[in-house]
Amino acid sequence: MKRTIRDLKNIEGKRVLLRCDFNVPLDNYGDILDDTRITAELPTIDYLLKQKVKLIVCSHLGRPKGYDKYLSMFPIAVYLMKHFPNKVKFCNKVVGNEVNVAIEKMKPGEMIVLENLRFDEGEEKNSPEFVAKLARLADIYVDDAFGVTHRKHASNYGVALKLPNAIGFLIEKELNVFQKVFEHTDHPFVAIFGGAKVSDKLNLINNVLDKADAIIIGGGMAYTFLQAQGINIGDSIVSLDQVDNAKDILEKAKEKNIKILLPVDHVALVGGRAKKVKQLEKGMVGLDIGRKTIKLFTQEIMQAKQIIWNGPLGKYEDSRFKKGTMKIARAVAKSQAYSIVGGGDSVSAVKESGVADKINHLSTGGGASLKLMEGKVLPAIEVIDTL
Ligand code: ADP
Ligand code: MG
C-alpha cells in the first residue's frame, strides 16, 4: 500500500510540493475550455489546505519548448484564486530565488501556483539539477498527477526520490479501482477492446487472458483478428505483423475457455458512402460494428458483473460510424456491472454518449490508464513510499 496524504501526520506549517495534472485545454485568450482536470484535483488541495500546510502547486501545461506565454499557468492560478479566495498566489517562475522568496512569505493554509514545469528543460529530462531545485522548495512531496505517472520526469519521479512523499486522492482512487478489478475480480468479467492499432494494445489483451470470462474485440482492432481467422476484411485497417499474435491469442483463449467475440457484421465505407454489410469485400473499409454485432456484444455485456473497456468500436469521430460505440456505451451503463473505461478517445466517446455518470470509473490518465490496464507498474508511483 502506497502512503497517501491521509497517512501524513503533523504536517501543519510544513511546505508541501503537490504535483498536479492541470494540462487543460486553453484558448488564445487563456480561457479554460474544459476544467475537468482541475475540479478533479480540488479534494486533494482542499484537504491539504485544511491541514494548514504551505502548499506549493506545480503542473505541466502542453508541450512548450522553453517559455511560451500561451502556456502559462496563470489562468489556472486565477481559476484557483476564485475557488479558494485570498489563499492563492501565483509565481511566474518555476524554481529559483523569486520562488524561494514567495514561499518564505507564505502562511500555513495558503497556496502558491508555480509556472509551467516544462518551461524548464530539466523537467522532461529529469535532470539532477532541476530535481534538486524542486526538492529544495519543500519538506514533503505529494504526487497526484496520474496522467504523467508513466513518465520519469523531474517533478514526479525525480523529486519523489528526494523527499518524504505520498500520493493524493486522485492517484489513490485510480490504484484502488484497478486493484479491485484485477485482484478481487467479480465474474463474469467482460473486457471490451477496440481502437485503431493492435500493436499497442496486445498487452492489454494478454493481461486479461487469465482473468476475463469474455473478451469483446471491435473497432479497427477486430480486423487483425478476423484476418487471423481467414475471414475477408476487404480494405479495413489491419496490422499484418500482428496476425500471428492474434492467432496465438485466439488459441490461448480457446484453451482457457475464454469467449472471444468478434464482429459478425459491419458498417463500411463503400465508394465514399456508409453501407451496412454482412461480409466485407475488396473496396470496402469496415469502420463500425453492425446491428447484429451490437446485439451480440450487448447480450454479453448485460450478463457481466465487471467490465473494463478501452478503444472505441468504430470511427466514432464520424457521425456515420459512431452508432456502435454509442450503443455499447449505453449497454455498459445499463448493465449491473462495475465498469471502468480508460483511454483518451474511449473516455471522450463515453462522455459524448451522455451516460458517463453511469460508468463507475472513467480513468482519465490516457497512457497511464492503459499501463494500469496492462497490469504494468507506473514508474512515478513505484518511487512513492509504501506503508
Ligand atoms: P483510446 O484513445 O481510447 O486508447 P485509441 O486511440 O486506441 O483509443 O483508438 C481510437 C481511434 O480508433 C479513433 O481515432 C477511431 O477513429 C479509431 N477507430 C476505431 N475503429 C476503427 C476502424 N474500424 N477503422 C479505423 N479506425 C478506427
Ligand atoms: Mg487515442
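Predicted, not measured: the structure shown is a model, and the values here were computed from it. The residue count restarts for each chain, going from 1 along the sequence in the order it is written. To label them, take the chains in the order written and letter them from A, then take the ligands in the order written and number them from 1. At least 70 in pLDDT is required for a residue's local features to be given in this predicted model, at least 80 for side-chain atom pairs to be given and counted, and no such filter applies to totals for whole chains, interfaces and linings, which use all residues. Side-chain metrics in this entry use all non-hydrogen atoms of the structure; hydrogen atoms and water are not considered.

1. Here we look at the domain arrangement of the protein
Logical step 1: Domain start and stop points were drawn from an automatic or database domain assignment. Split by domain assignment, the protein resolves into domain 1 (5-171) and domain 2 (185-373).
Logical step 2: The straight-line distance from the C-alpha centre of domain 1 to that of domain 2 is 37 Å.
Logical step 3: Each partner contributes to the interface: domain 1 provides six residues, whereas domain 2 provides nine residues.
Logical step 4: Each partner contributes to the roughly 470 Å² buried at the junction of domain 1 and domain 2, and carbon and sulfur atoms together form 68% of this total.
Logical step 5: For the purposes of these results, a polar contact is taken to be a pair of N or O atoms within 3.5 Å, where, inside protein, one atom must be able to donate a hydrogen and its partner to accept one; residues adjacent in sequence count only when each atom of the pair is a side-chain atom. The tally of links between domain 1 and domain 2 comes to zero residue pairs in polar contact (both at pLDDT 80 or more).
Logical step 6: Asp, Glu, Lys and Arg are counted as charged, while Ala, Val, Leu, Ile, Met, Phe, Trp, Tyr, Cys and Pro are counted as nonpolar; the rest, among them Gly, fall into the polar class. By residue class, the composition of the side of domain 1 that touches domain 2 is one nonpolar, four polar and one charged. In this analysis, two residues are considered to be in contact whenever any of their non-hydrogen atoms come within 4.5 Å of each other. When two components associate, each loses some accessible surface as probed by a 1.4 Å sphere; the sum of these losses over both components is called the buried area.

2. Here we look at the site of ligand 1
Logical step 1: A cutoff of 4 Å decides nearness: a residue is near a molecule or strand if any of its heavy atoms lies inside that distance of it. Within the structure, ligand 1 sits among 18 residues, and Lys 201, Gly 314, Glu 317, Asp 345 and Ser 346 are positioned closest to it.
Logical step 2: Between ligand 1 and the protein, one listed contact pairs a nitrogen atom with a backbone N or O atom of Gly 286 at 3.1 Å.
Logical step 3: Backbone polar atom of Gly 344 to an oxygen atom of ligand 1: 3.4 Å apart, as the coordinates give it.
Logical step 4: Note that accessible areas follow from Shrake-Rupley with a 1.4 Å probe, and for residues the cover is restricted to the protein chains shown. Out of a free accessible area of 580 Å², ligand 1 has 83% covered by protein chains.
Logical step 5: Per the convention used, a helix needs a DSSP run of H or I reaching at least four residues, while a strand needs a run of E reaching at least two, with both numbered from the N terminus. Elements supplying a minimum of two residues to the shell around ligand 1: strand E12 (284-289) and helix H14 (344-353).
Logical step 6: By residue number, the principal contributor to the shell around ligand 1 is H14, which donates three residues.
Logical step 7: Taken together, the residues that form the shell around ligand 1 break down as five nonpolar, nine polar and four charged.

3. Describing unusual backbone geometry
Logical step 1: Of note, the amide linkage connecting His 187 to Pro 188 takes the cis form, showing an omega dihedral of -5 degrees.
Logical step 2: Non-glycine residue Asn 10 carries a positive phi angle of around 50 degrees.
Logical step 3: Secondary-structure assignment places Asn 10 in the segment before strand E1 (15-19).
Logical step 4: Backbone geometry at Asn 257 places phi at a positive 65 degrees, although glycine is not the residue there.
Logical step 5: Locating Asn 257 in the fold gives a position in the loop between helix H11 (243-255) and strand E9 (259-261).

4. Concerning the packing of helix H10 (residues 221-228) against H11
Logical step 1: It is at 8 Å that the axes of H10 and H11 come closest, and there the two elements cross at 80 degrees. The angle between H10 and H11 places the two elements in the roughly perpendicular class. Within the contact between the two elements, H10 uses Thr 224, Phe 225, Gln 227 and Ala 228 and H11 uses Val 243, Ala 246, Lys 247, Ile 249 and Leu 250.
Logical step 2: Residue classes in the contact of H10 with H11 are distributed as six nonpolar, two polar and one charged. Helix axes are fitted to C-alpha atoms over the stretch in contact, other axes to C-alpha atoms as well, and angles between N-to-C directions run from 0 to 180 degrees. Put simply, angles under 35 degrees are roughly parallel, angles over 145 are roughly antiparallel, angles from 65 to 115 are roughly perpendicular, and the rest are oblique.

5. A look at the nonpolar core
Logical step 1: What makes a nonpolar core is a set of buried Ala, Val, Leu, Ile, Met, Phe, Trp, Tyr and Cys residues whose side-chain atoms join them at distances within 4.5 Å. Exposure categories follow from relative accessible area, calculated using a 1.4 Å probe and restricted to protein chains: below 20% of the type maximum is buried, above 50% is exposed, and the middle band is partly exposed. Grouped together as the largest cluster of nonpolar side chains are 102 residues, with contacts concentrated most on Leu 55, Leu 80, Met 111, Phe 225 and Ile 308.
Logical step 2: Taken domain by domain, the makeup of this core includes at least three residues from each of domain 1 (5-171) and domain 2 (185-373).
Logical step 3: Setting aside its immediate chain neighbours within four residues, Ile 308 contacts Val 181, Phe 182, Phe 189, Val 190, Ala 191, Ile 192, Phe 193, Val 208, Ile 340 and Met 373.
Logical step 4: Counting 25 residues, the second-largest nonpolar core is a separate cluster that includes Ile 192, Phe 297, Ala 329 and Val 332.

6. Some remarks on the sheet that holds E1
Logical step 1: Here a strand pair is declared whenever DSSP counts at least two bridges between the two strands. Read across the open sheet, the six strands follow the order E3-E4-E2-E1-E5-E6; overall the sheet is parallel. Unpaired on one side and paired on the other, strand E3 (88-90) and strand E6 (165-167) mark the two borders of the sheet. Put simply, the sheet's adjacent strands are angled 25 degrees from each other on average, direction ignored.
Logical step 2: Sheet topology places strand E5 (residues 140-143) next to E6; three bridges connect them, and they run parallel. Paired with Val 142 across the two strands is Ala 166, which belongs to E6.
Logical step 3: Packing against the sheet, helix H2 (residues 42-50) makes contact with E1, strand E2 (54-58) and strand E4 (111-113), and its axis sits at approximately 180 degrees to E1.

7. Observations regarding the sheet that holds strand E11 (residues 273-277)
Logical step 1: The antiparallel open sheet is built from three strands, whose spatial order is E11-E10-E12. This sheet does not close on itself; its edge strands, each paired only once, are E11 and E12. Geometrically, the sheet is characterised by an average inter-axis angle of 35 degrees between neighbouring strands, direction not taken into account.
Logical step 2: Here strand E10 (residues 266-270) runs beside E11; their pairing, made up of five bridges, is antiparallel. Directly across from His 266, in E11, lies its bridge partner Val 277.

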